[in-house]
Amino acid sequence: APLRPSLKLYSCRPTIAMNNTMNEDDLYGDLNLAAAKPVPRKQTASTPASTLPSRPDISKLQEQIKRLKAENEDLKKNMGILYRTAKSELERKDRRIDELQNDLDARR
């Protein structure tokens, strides 16, 4: 289906401006967004049939999409497990630090 003529896509690329007087606590102060420019899009209605992918190519791409979706789900699951593990380790270490601090205070 052809794109609506009013639909425009914009490309924003960050540029880094070197500034020696920048506040050290400002992590993003050196980033300036370049002026947004419309990204040209080809109309699919005007695409010749010879440039469309063949059925075997479509099948390969569908299989690749399926594989990448499964990999993406595995990565999301692993990232969640890693986050929860790190969080529980930090909580455990905080409790241990509190215990040691209480022991130290009791000895004073």
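Refer to the preceding data block for the structure.
Here is a short report on the structure shown in this document. Since the model is a prediction, treat every value here as computed from it, not as a measurement.

### A word on the overall build of the protein chain
Right, so step 1: Each helix and strand counted, the protein chain has one helix and four strands in total.
Right, so step 2: Secondary structure elements in the protein chain, listed N-terminal to C-terminal, are β-β-β-β-α.
Right, so step 3: Looking at the protein chain as a whole, 2% of its 108 residues qualify as buried.
Right, so step 4: Of the contacts made within the protein chain by residues no fewer than 6 positions apart, 53% connect residues no fewer than 24 positions apart.

### Regarding the pattern of salt bridges
Side chains bearing opposite charge may pair, as long as their charged atoms lie close to each other.
Right, so step 1: The final tally for this structure, using the stated rule, is three salt bridges.
Right, so step 2: For the salt bridge of glutamate 73 with lysine 76, the shortest nitrogen-to-oxygen distance reads 3.8 Å. Of this pair, glutamate 73 and lysine 76 both sit in helix 1 (residues 55–107), separated by three residues, roughly a single helical turn.
Right, so step 3: Look at glutamate 73 and you get partly exposed, because its relative accessible area is 48%.
Right, so step 4: With a relative accessible area of 46%, lysine 76 lands in the partly exposed category.
Right, so step 5: The residue arginine 96 makes a salt bridge to glutamate 99 at a minimum N-O spacing of 3.3 Å. Taken together, the positions of arginine 96 and glutamate 99, both in helix 1 and three residues apart, correspond to about one turn of that helix.
Right, so step 6: Taking the relative accessible area as the measure of exposure, arginine 96 reaches 42% and is therefore partly exposed.

Rules and cut-offs
Residues numbered from 1 in each chain as written. Predicted model: local features only at pLDDT ≥ 70, side-chain atom pairs only at ≥ 80, totals over all residues. Heavy atoms only, no water. Helix = DSSP H or I, 4+ residues; strand = E, 2+ residues; numbered from the N terminus. Buried < 20%, exposed > 50% of the residue type's maximum accessible area, 1.4 Å probe, protein only. Contact = heavy atoms within 4.5 Å. Salt bridge = Lys/Arg side-chain N within 4 Å of Asp/Glu carboxyl O.

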